[in-house]
Amino acid sequence: QVQLVESGGGLVQAGGSLRLSCAASGRRFQLNAMGWYRQAPGKQRELVATITSGGSTNYADSVKGRFTISRDNTKNTVYLQMNSLQPEDTAVYYCNAQVLLLTTFTVGDYWGQGTQVTVSS
């Protein structure tokens, strides 16, 4: 079993920055691809950014140039640096990870419980 815990959310003014962190913990596991998703009220969950185990990244068009996803494999942590935040970025941000459980060599898809990001105008 693996747990993902997000942190770093909060209230920020438009134009400001936040850095989200997602730390994975568990018995024996290997983190594969990871990503950040968000869901605003009344909207479906959407992909924000992904990063492979090797560091290749992909971003939603709406955040390109403003957000940066990164990871520290030593710490089993993925980050989302969010700059130039706008009210449209307000949402609950969820961490996602594809995990190989080394006890069973099975792959699972894990989600954090989310962290609220609110951007005021």
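Residues numbered from 1 in each chain as written. Predicted model: local features only at pLDDT ≥ 70, side-chain atom pairs only at ≥ 80, totals over all residues. Heavy atoms only, no water.

### Some thoughts on the overall build of the chain
Operational definition: For the purposes of this entry, the term helix denotes a DSSP run of H or I that reaches at least four residues, the term strand denotes a run of E that reaches at least two, and both are numbered from the N terminus. Here the radius of gyration uses the C-alpha set of atoms, whereas the globule reference equals 2.2 Å times the residue count to the power 0.38. By definition, residues are in contact when any of their heavy atoms lie within 4.5 Å. With residues, only the protein chains shown are counted as cover, and all accessible areas are computed by Shrake-Rupley using a 1.4 Å probe.
Broken down by element type, the chain carries zero helices and eleven strands. The C-alpha atoms of the chain give a radius of gyration of 14 Å, which matches the 14 Å a tight globule of 121 residues would have. Principal-axis analysis of the C-alpha atoms places the extent of the chain at approximately 50 × 25 × 25 Å. Residue pairs in contact within the chain that sit at least 24 positions apart in sequence constitute 56% of those at least 6 positions apart. Accessible area for the chain stands at about 6600 Å²; split by element, carbon and sulfur atoms hold 45% of it.

### Some words on the sheet that holds strand β7 (residues 67-72)
The test is simple: Should DSSP find at least two bridges between two strands, the strands are regarded as paired. Axes here refer to lines fitted to C-alpha atoms; in helices the fit is confined to the stretch in contact. Angles between the N-to-C directions go from 0 to 180 degrees.
In space, the four strands of this open sheet follow the order β1-β3-β8-β7, with antiparallel pairing throughout. Of all the strands in the sheet, the pair left with one neighbour each is β1 (2-7) and β7. Neighbour-to-neighbour, the strand axes of this sheet turn through a mean angle of 15 degrees, independent of strand direction. One ladder, built from six bridges, connects β1 with strand β3 (residues 18-26); its direction is antiparallel. Across the sheet, residue Q3 finds its bridge partner in β3, namely S25.

### Remarks on the pattern of salt bridges
Applicable threshold: Between Lys or Arg on one side and Asp or Glu on the other, a salt bridge is scored when a side-chain nitrogen of the former is within 4 Å of a carboxyl oxygen of the latter. The buried label applies to any residue whose accessible area, calculated with a 1.4 Å probe on protein chains only, is under 20% of its type's maximum; exposed applies above 50%, and partly exposed to all values in between.
Applying the stated criterion to the full structure yields four salt bridges. One salt bridge connects D61 with K64, and the closest N-O pair in it is separated by 3.1 Å. Classification of D61 as exposed rests on a relative accessible area of 65%. Classification of K64 as partly exposed rests on a relative accessible area of 48%.

### Overview of the nonpolar core
Cut-off, in case you're wondering: Put simply, a nonpolar core is a bunch of buried Ala, Val, Leu, Ile, Met, Phe, Trp, Tyr and Cys residues held in one set by side-chain atoms that sit within 4.5 Å of each other.
Counting residues in hydrophobic clusters, the biggest one holds 33 residues, and the most contacted among them are W36, L80, M82 and Y93. Contributions of two or more residues to this core are made by β1, β3, β4 (29-39), β5 (46-51), β7, β8 (77-82), β9 (91-101) and β11 (115-120). Leave out the neighbours within four places in its chain, and L80 touches L18, R19, L20, W36, V48, A49, F67, T68, I69 and Y93.

### Here's the deal with the pairing of β4
In this structure, β4 lies alongside β9, joined through nine bridges in antiparallel fashion. Note that in β9 the partner of Y37 across the bridge is Y94. In this structure, β4 lies alongside β5, joined through five bridges in antiparallel fashion. From the neighbouring strand, W36 faces β5, where its bridge partner is A49.

Coordinates in, geometry out; function isn't part of it.
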